[in-house]
Amino acid sequence: MDGFKARATNLQALLRSEDAAFVLIMTPASDVATLASRYAERLKEERIHIAGAIFNQTHQVPAVSDPEALERSANAAGVAEDLWLRLKCCHDEWLEVSRRDNTIMTSWRTDTGMPLVKIPRLEHNVSSFEDLTLRRGS
């Protein structure tokens, strides 16, 4: 028991030292960000440094700058009207999800003052750091 207590004391000292910092990792969902904010406050109360946050699986969908030109281009390419409408609807829905994600992340940054990194939602599973670095470059 004495050895366990000594290791726990050493671990607490390490976590509070300037040699260590937490990075909070979460998805951009409002309930998750709220829980992470509470957790960050608890860590601060314990004098544990938080370096920032990583928002994983973010949706970053660009807005279409000229929707009419895009529609004309689709028509000229022979895209059927019903397919065009479904594509537009799908894009609009994902654009709304992207805006929601960005609102949550902006609110997090404003509320906490912490830096954050956005990791996009990928089409494949990532099970190692190598997977992440290899896939991001492709």
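The present account deals with the structure reproduced in this document.

### Let's talk about helix α4 (residues 81-112)
Between its first and last C-alpha atoms α4 spans 46 Å; for 32 residues at 1.5 Å apiece the expected length is 46 Å, and the two agree. Contact partners of the buried residues in α4: β1 (22-26), α2 (30-45), β2 (50-58), α3 (67-76) and β3 (116-120).

### With respect to the sheet that holds β1
Reading across from one edge, β1-β2-β3 is the order of the three strands in this open sheet, with parallel pairing throughout. With one partner strand each, in any of the chains shown, β1 and β3 form the two edges of the open sheet. Put simply, the sheet's adjacent strands are angled 20 degrees from each other on average, direction ignored. Pairing analysis gives four bridges linking β2 to β3, with the strands arranged parallel.

### Looking at the pairing of β2
Relative to β2, β1 is paired through five bridges, and the arrangement is parallel. From the neighbouring strand, Ile25 faces β2, where its bridge partner is Ile54. Traced from β1 through α2 to β2, the parallel crossover comes out right-handed.

### Some remarks on the state of the cysteines
Evaluated as defined, the whole model comprises zero disulfides. Here Cys89 is not disulfide-linked; the sulfur of Cys90 is the nearest cysteine sulfur, at 7.4 Å. Judged by relative accessible area, Cys89 falls into the partly exposed class, the value being 40%. Judged by relative accessible area, Cys90 falls into the partly exposed class, the value being 38%.

### Quick word on the pattern of salt bridges
Any two side chains of opposite charge can pair, so long as their charged atoms come close to each other. For the structure on display, the rule yields seven salt bridges. Salt-bridge contacts for Arg16 lead to Glu46; the nearest nitrogen and oxygen are separated by 2.8 Å. Taken as a pair, Arg16 in helix α1 (residues 2-16) and Glu46 in the loop between α2 and β2 lie far apart in primary sequence, 30 residues in all. Judged by relative accessible area, Glu46 falls into the partly exposed class, the value being 27%. Here Glu46 makes a salt bridge to Arg42, at a shortest N to O gap of 2.8 Å. Overlapping salt bridges bring together Arg16, Arg42, Glu45 and Glu46 as one network.

Conventions adopted
- Residues numbered from 1 in each chain as written.
- Predicted model: local features only at pLDDT ≥ 70, side-chain atom pairs only at ≥ 80, totals over all residues.
- Heavy atoms only, no water.
- Helix = DSSP H or I, 4+ residues; strand = E, 2+ residues; numbered from the N terminus.
- Expected span 1.5 Å × (residues − 1).
- Contact = heavy atoms within 4.5 Å.
- Pairing = 2+ DSSP bridges.
- Axes fitted to C-alpha atoms, helices over the stretch in contact; angles between N-to-C directions.
- Right-handed = clockwise from strand over helix to strand, strands pointing away.
- Disulfide = S-S within 2.5 Å.
- Buried < 20%, exposed > 50% of the residue type's maximum accessible area, 1.4 Å probe, protein only.
- Salt bridge = Lys/Arg side-chain N within 4 Å of Asp/Glu carboxyl O.

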